[in-house]
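Inside the fold
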Amino acid sequence: QVQLQESGPGLVKPSQTLSLTCTGSGGSITTSYSYWTWIRQPPGKGLEWMGAITYDGSTHYSPSLKSHTSISRDTSKNQFSLQLSSVTPEDTAVYYCAIGVVTPTDWGQGTQVTVSS
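Residues numbered from 1 in each chain as written. Predicted model: local features only at pLDDT ≥ 70, side-chain atom pairs only at ≥ 80, totals over all residues. Heavy atoms only, no water.

Within the fold, glutamine 1 resides in the segment before strand 1 (3–7). A relative accessible area of 71% places glutamine 1 in the exposed class. Taking the C-alpha atoms as reference points, glutamine 1 and serine 32, 31 residues apart in sequence, are found 10 Å from one another. In this structure glutamine 1 touches Ser25 and Gly26, once residues within four positions along its chain are discounted. (Helix = DSSP H or I, 4+ residues; strand = E, 2+ residues; numbered from the N terminus. Buried < 20%, exposed > 50% of the residue type's maximum accessible area, 1.4 Å probe, protein only. Contact = heavy atoms within 4.5 Å.)

See the structure below:
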(Lines give C-alpha, C1' and ligand atoms only; values in the text may rest on other atoms or scores of the structure.)
Protein backbone atom coordinates (compact mmCIF):
# COMPACT_ATOMS: atom_id res chain seq x y z
CA GLN A 1 0.00 0.00 0.00
CA VAL A 2 0.94 3.63 -0.45
CA GLN A 3 1.80 5.83 2.51
CA LEU A 4 0.99 9.55 2.28
CA GLN A 5 2.69 12.45 3.98
CA GLU A 6 1.55 16.07 4.02
CA SER A 7 4.16 18.80 4.12
CA GLY A 8 4.20 22.58 4.15
CA PRO A 9 4.24 25.55 6.50
CA GLY A 10 2.34 25.21 9.75
CA LEU A 11 1.69 28.93 10.05
CA VAL A 12 0.27 31.21 7.36
CA LYS A 13 -0.63 34.87 7.63
CA PRO A 14 -4.11 36.13 6.73
CA SER A 15 -4.60 37.08 3.08
CA GLN A 16 -1.69 34.93 1.98
CA THR A 17 -1.69 31.55 0.25
CA LEU A 18 -1.64 28.23 2.05
CA SER A 19 0.44 25.68 0.15
CA LEU A 20 0.70 21.99 1.00
CA THR A 21 2.16 19.00 -0.77
CA CYS A 22 1.21 15.34 -0.41
CA THR A 23 3.95 12.84 -1.16
CA GLY A 24 3.36 9.14 -1.68
CA SER A 25 5.85 6.47 -0.76
CA GLY A 26 5.92 2.70 -1.04
CA GLY A 27 4.14 2.74 -4.38
CA SER A 28 2.72 4.93 -7.09
CA ILE A 29 -0.36 6.99 -6.28
CA THR A 30 -1.43 6.55 -9.90
CA THR A 31 -1.75 2.78 -9.45
CA SER A 32 -5.26 1.66 -8.45
CA TYR A 33 -6.27 5.15 -7.28
CA SER A 34 -8.38 7.53 -9.36
CA TYR A 35 -9.07 10.43 -6.96
CA TRP A 36 -6.42 12.31 -5.05
CA THR A 37 -8.15 14.41 -2.41
CA TRP A 38 -7.65 17.19 0.11
CA ILE A 39 -9.80 17.22 3.24
CA ARG A 40 -9.62 19.45 6.31
CA GLN A 41 -10.99 19.54 9.84
CA PRO A 42 -11.27 22.86 11.68
CA PRO A 43 -11.09 22.79 15.48
CA GLY A 44 -14.27 21.36 16.96
CA LYS A 45 -15.82 20.71 13.56
CA GLY A 46 -16.24 17.82 11.19
CA LEU A 47 -14.31 16.84 8.12
CA GLU A 48 -14.69 19.08 5.09
CA TRP A 49 -13.98 17.83 1.59
CA MET A 50 -12.06 20.51 -0.25
CA GLY A 51 -11.43 19.04 -3.65
CA ALA A 52 -9.67 16.41 -5.68
CA ILE A 53 -7.67 15.80 -8.78
CA THR A 54 -8.24 12.68 -10.85
CA TYR A 55 -5.93 10.34 -12.68
CA ASP A 56 -6.37 12.33 -15.89
CA GLY A 57 -5.69 15.70 -14.26
CA SER A 58 -9.29 16.86 -13.98
CA THR A 59 -10.04 18.90 -10.86
CA HIS A 60 -13.13 19.06 -8.66
CA TYR A 61 -13.69 21.55 -5.86
CA SER A 62 -16.11 22.23 -3.06
CA PRO A 63 -18.40 25.03 -4.28
CA SER A 64 -17.71 27.07 -1.16
CA LEU A 65 -13.96 26.94 -1.73
CA LYS A 66 -13.68 26.83 -5.49
CA SER A 67 -12.74 30.47 -5.98
CA HIS A 68 -9.74 30.13 -3.66
CA THR A 69 -8.60 26.54 -4.23
CA SER A 70 -6.21 24.97 -6.68
CA ILE A 71 -5.09 21.34 -6.73
CA SER A 72 -2.31 20.11 -8.94
CA ARG A 73 -0.20 17.00 -9.38
CA ASP A 74 3.27 15.89 -10.33
CA THR A 75 3.15 12.21 -11.13
CA SER A 76 6.89 12.06 -11.77
CA LYS A 77 7.41 12.96 -8.10
CA ASN A 78 4.48 10.92 -6.81
CA GLN A 79 2.97 14.11 -5.42
CA PHE A 80 -0.10 16.29 -5.49
CA SER A 81 -0.51 19.74 -3.98
CA LEU A 82 -3.01 22.19 -2.55
CA GLN A 83 -3.06 25.97 -2.77
CA LEU A 84 -5.65 27.95 -0.85
CA SER A 85 -5.46 31.68 -1.47
CA SER A 86 -6.66 34.64 0.58
CA VAL A 87 -6.81 32.66 3.78
CA THR A 88 -8.44 33.86 6.99
CA PRO A 89 -8.27 32.53 10.56
CA GLU A 90 -11.32 30.43 9.72
CA ASP A 91 -9.06 28.34 7.49
CA THR A 92 -7.15 27.10 10.54
CA ALA A 93 -7.49 23.32 10.48
CA VAL A 94 -5.80 19.97 10.27
CA TYR A 95 -5.31 19.28 6.58
CA TYR A 96 -5.29 15.76 5.19
CA CYS A 97 -4.45 14.33 1.83
CA ALA A 98 -6.10 11.09 0.81
CA ILE A 99 -6.45 8.82 -2.19
CA GLY A 100 -9.04 6.34 -3.34
CA VAL A 101 -11.06 5.05 -6.23
CA VAL A 102 -13.60 7.76 -5.43
CA THR A 103 -14.09 7.77 -1.67
CA PRO A 104 -10.80 8.30 0.18
CA THR A 105 -9.43 5.05 1.57
CA ASP A 106 -5.75 5.79 2.22
CA TRP A 107 -5.02 8.88 4.30
CA GLY A 108 -2.03 10.86 5.41
CA GLN A 109 -1.63 11.57 9.10
CA GLY A 110 -2.66 15.20 8.67
CA THR A 111 -0.84 18.43 9.29
CA GLN A 112 -1.90 21.37 11.44
CA VAL A 113 -2.06 24.72 9.67
CA THR A 114 -2.76 27.86 11.66
CA VAL A 115 -3.75 31.13 10.01
CA SER A 116 -2.73 33.97 12.26
CA SER A 117 -0.98 37.31 12.16
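Once that is clear, we can look at the packing of aromatic side chains. Applying the stated criterion across every chain, the model contains three aromatic pairs. Here tyrosine 96 and tryptophan 107 contribute two aromatic rings whose centre-to-centre distance is 5.6 Å and whose plane-to-plane angle is 75 degrees, an arrangement assigned as edge-to-face. Remark: tryptophan 107 occurs in strand 10 (residues 106–107) and tyrosine 96 occurs in strand 9 (residues 93–100); sequence separation between them is 11 residues. Aromatic rings pair up to connect Trp36, Trp38 and Phe80 into one cluster. (Phe/Tyr/Trp six-rings, centres within 6.5 Å; stacked < 30°, edge-to-face > 60°.)

Across all of its chains, the model carries two salt bridges by this definition. For glutamate 48, the salt bridge is made with arginine 40, and the minimal N-O distance between the two is 2.7 Å. Looking at arginine 40, the relative accessible area reads 6%, which means it is buried. The salt bridge involving arginine 40 is made with aspartate 91; its shortest N-O contact spans 2.8 Å. Taken together, the residues span a long stretch of sequence, with arginine 40 in strand 4 (residues 35–41) and aspartate 91 in the loop between strand 8 (79–84) and strand 9 at a distance of 51 residues. A single burial state applies to arginine 40 and to aspartate 91, both of which are buried. (Salt bridge = Lys/Arg side-chain N within 4 Å of Asp/Glu carboxyl O.)

This paragraph deals with the environment of lysine 66. Within the fold, lysine 66 resides in the loop between strand 6 (59–61) and strand 7 (69–74). Among the residues examined, lysine 66 registers a relative accessible area of 55% and is labelled exposed. Residues lysine 66 and leucine 84, 18 residues apart in the sequence, show an inter-C-alpha distance of 9.3 Å.

What follows covers the sheet that holds strand 8. With respect to topology, four strands assemble into an open sheet ordered 1-3-8-7, the strand pairing being antiparallel. Of all strands in the sheet, those with a lone pairing partner are strand 1 and strand 7, marking the two edges. When strand polarity is set aside, the average angle formed by the axes of neighbouring strands in this sheet is 20 degrees. In the sheet, strand 3 (residues 18–25) pairs with strand 8 via six bridges, with the strands oriented antiparallel. Counterpart to threonine 21 in the pairing with strand 8 is serine 81. (Pairing = 2+ DSSP bridges. Axes fitted to C-alpha atoms, helices over the stretch in contact; angles between N-to-C directions.)

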